[in-house]
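Letter by letter, the chains look like this.
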Number of protein chains: 2
Amino acid sequence: MKVVKTIEEMRRLRQQTRGTVGFVPTMGYLHEGHLSLVRRAKENDTVVVSIYVNPTQFGPKEDFKSYPRDIPRDLAMLESLTDIVFMPEDAEMYPAGYDTWVEVKGITEGLEGATRPGHFRGVATVVTKLLNIVGPTRAYFGQKDAQQVAVIKKMAVELDMDLELIACPTVREPDGLAMSSRNVYLDPEERRGAAVLFKALTLAQELWKNGEKDADTVLHRMMALIKQEPLANIVYISIADGKTLKDVEEIKPPALVSLAVRFGKTRLIDNVVIG
Amino acid sequence: MKVVKTIEEMRRLRQQTRGTVGFVPTMGYLHEGHLSLVRRAKENDTVVVSIYVNPTQFGPKEDFKSYPRDIPRDLAMLESLTDIVFMPEDAEMYPAGYDTWVEVKGITEGLEGATRPGHFRGVATVVTKLLNIVGPTRAYFGQKDAQQVAVIKKMAVELDMDLELIACPTVREPDGLAMSSRNVYLDPEERRGAAVLFKALTLAQELWKNGEKDADTVLHRMMALIKQEPLANIVYISIADGKTLKDVEEIKPPALVSLAVRFGKTRLIDNVVIG
């Protein structure tokens with residue numbers, strides 16, 4: 001496994017690579033969710049993983065500085081799975097005077113975009129940069145960040161990027177909590193309570209299976225369930241069209257049921273797709 | 001020479017190409033300025049020229065519909081110089097619901113950007129798309145559109161695009177008028193008067209050579225010269241830092257002297273670089 005810290009060196013290695021390249025962009029502090037993407041990426045001849053906590057996708061009041069980092073642990077986890085780890089530095093990714101941005105409108109307006117202004121501009125920009133540097137045949141993203149997946153897919157198609165994007169299923173803890181680097185922020189009591197996100201999503205799926213098509217009814221049942229958890233503060237719950245990500249009144253598959261919930265200072269997200 | 005109208009076919013041809021690829025993106029209605037770029041592009045193993053009048057870089061009141069087009073003439077001019085002509089269609093470049101944009105801030109605020117809001121967002125977006133489709137080793141642009149060259153260079157560097165951008169000198173008519181597809185709009189009297197643009201730029205260069213460093217003094221002399229031409233209506237005249245494109249008070253090389261002047265409904269631009 002080669003660890004590469006400059007764009008020039010990454011490009012040089014890429015030019016020497018023959019066959020297909022699978023790419024998994026991450027912000028590090030890896031968990032089983034990331035590793036499931038890396039394992040899937042092994043369907044390519046070469047696997048590249050990037051570790052880069054991208055400053056431009058964090059709002060000024062968000063957790064960029066405190067975002068968990070543990071490079072030695074990450075590298076140990078990747079050692080047997082990855083050919084190249086790309087860890088660029090801020091000064092090279094965003095030199096002084098940096099001023100070019102990729103923006104996907106429309107589907108970025110609701111959900112995470114509404115509560116994290118500028119977030120998806122930062123995501124779309126850094127993913128474009130990383131894809132241009134790494135030049136993969138296929139890139140892998142986790143379905144846990146459903147809106148991110150939708151944004152990156154739309155961007156890649158509309159900017160005519162020549163690669164395949166693959167979304168992989170969310171990996172969960174035994175109690176259903178979606179794996180996330182931010183779970184480390186939770187104290188034991190919050191951690192127990194956080195299982196309520198997936199319970200609420202499971203409830204939505206069950207109601208749909210039992211014939212309930214009214215979004216408001218399902219949302220109210222989910223909300224009532226979450227409110228039984230005293231530490232949970234709902235940021236949003238949404239049932240949206242799976243393609244436009246606009247809220248719907250009547251549930252028609254594919255529909256994205258998604259939510260953001262705060263536990264203390266920790267903001268967790270999760271989703272399921274109905275249909 | 002192959003003429004290609006779909007993105008899929010262009011990609012297929014590109015994948016079959018070995019060696020270097022030189023790319024000249026144009027809006028067609030070709031003139032000697034374009035051909036100078038194509039001839040330069042022959043330093044590559046394969047030459048690709050695109051002809052596409054990009055709707056997203058025209059303002060709602062601009063000349064998108066009336067922009068001159070003559071595909072048979074363009075193809076005849078390219079026949080002996082070009083391997084592939086790529087002519088995509090609007091429906092494939094911007095399908096319904098298209099919503100992804102590339103934007104360079106800062107250097108797009110003044111000059112053309114100030115008088116043509118949204119213009120450079122359209123340019124940056126379509127150039128990103130074309131570069132992703134064609135995958136050139138080198139791309140060629142005319143220095144006549146100095147701000148466009150600066151925007152595309154900044155974009156390519158900041159989005160880590162893996163290619164070389166080459167700006168080629170402005171090609172001029174015998175009286176100094178910069179070649180432009182829009183020159184065809186000029187009636188004979190306007191055409192004669194249009195020589196004043198390059199006369200004013202030449203005056204700026206001479207004043208600088210004679211030791212004049214005060215931008216206001218030079219601008220006033222240029223303005224006085226242009227006002228002697230009764231059909232000329234100045235949109236802007238600027239002396240700017242060659243890198244930031246911000247107006248300067250004291251001329252220091254490299255400085256960009258640029259202007260936009262209307263003759264009737266026709267808007268002409270030109271520039272020289274001092275130093």
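None of these values were measured; they are calculated from a predicted model.

Residue and element names in this part refer to chain B. Strands sit in the order β8-β9-β10 across an open sheet of three strands; the sheet is antiparallel. Both outer strands of the open sheet, β8 (232-241) and β10 (266-274), are each paired with one neighbouring strand and no more. The sheet shows a mean angle of 15° between the axes of neighbouring strands, taken without regard to direction. Across nine bridges, β8 lies against strand β9 (residues 255-263) in antiparallel orientation. Bridge pairing in β9 links Ser 238 to Ser 258. Here helix α10 (residues 215-227) sits on the sheet in contact with β8 and β9, set at roughly 160° to β8.

What follows is about the pairing of strand β5 (residues 100-104) of chain A. Within β5(A), four of the five residues are buried, which leaves it mostly tucked inside the rest of the structure. Sheet analysis places β5(A) next to strand β5 (residues 100-104) of chain B, joined by five bridges and oriented antiparallel. Bridging from a neighbouring strand, A:Trp101 pairs with B:Glu103 of β5(B).

Ranked by size, the top nonpolar core spans 142 residues in total, and within it A:Val151, A:Leu197, B:Val151 and B:Leu197 carry the most contacts. With residues up to four places along the chain from it excluded, the contact list for B:Leu197 reads B:Leu177, B:Leu259, B:Val261, B:Leu268 and B:Asp270.

Let us now look at the relation of the copies chain B and chain A. In screw terms, the move from chain B to chain A is a rotation of 180° and a rise of 0.0 Å along the axis, fitting with an RMSD of 0.0 Å. The transformation just described matches what one would write down for a two-fold rotation axis. Closest approach to the rotation axis among the C-alpha atoms of chain B is made by B:Val102, whose C-alpha sits 2.3 Å away. A share of 100% of the interface residues of chain B reappears at the interface of chain A, consistent with the copies meeting face to face through the same patch.

It is worth spelling out the domain arrangement of chain A at this point. How big an interface is tends to be stated in terms of accessible area lost as the parts join. Residue and element names in this part refer to chain A. Segmenting chain A into domains produces domain 1 (2-168) and domain 2 (181-269). Spacing between the C-alpha centres of domain 1 and domain 2 amounts to 26 Å. Domain 1 puts 12 residues into the contact, and the matching count from domain 2 is 14 residues. Of all the secondary structure elements, the ones that give two or more residues to the side of domain 1 that touches domain 2 are α5 (111-115) and α7 (146-158). Here the residues of the side of domain 1 that touches domain 2 sort into seven nonpolar, four polar and one charged.

Rules used in this analysis
- Residues numbered from 1 in each chain as written.
- Chains lettered and ligands numbered in written order.
- Predicted model: local features only at pLDDT ≥ 70, side-chain atom pairs only at ≥ 80, totals over all residues.
- Pairing = 2+ DSSP bridges.
- Helix = DSSP H or I, 4+ residues; strand = E, 2+ residues; numbered from the N terminus.
- Axes fitted to C-alpha atoms, helices over the stretch in contact; angles between N-to-C directions.
- Contact = placed C-beta atoms within 7 Å.
- Buried ≥ 20, exposed ≤ 12 C-beta atoms within 10 Å, placed from the backbone.
- Core = buried A, V, L, I, M, F, W, Y, C linked by C-beta atoms within 7 Å.
- Least-squares fit on C-alpha atoms with pLDDT ≥ 70 in both.
- Domains from an automatic or database assignment.
- Nonpolar A, V, L, I, M, F, W, Y, C, P; charged D, E, K, R; others polar.

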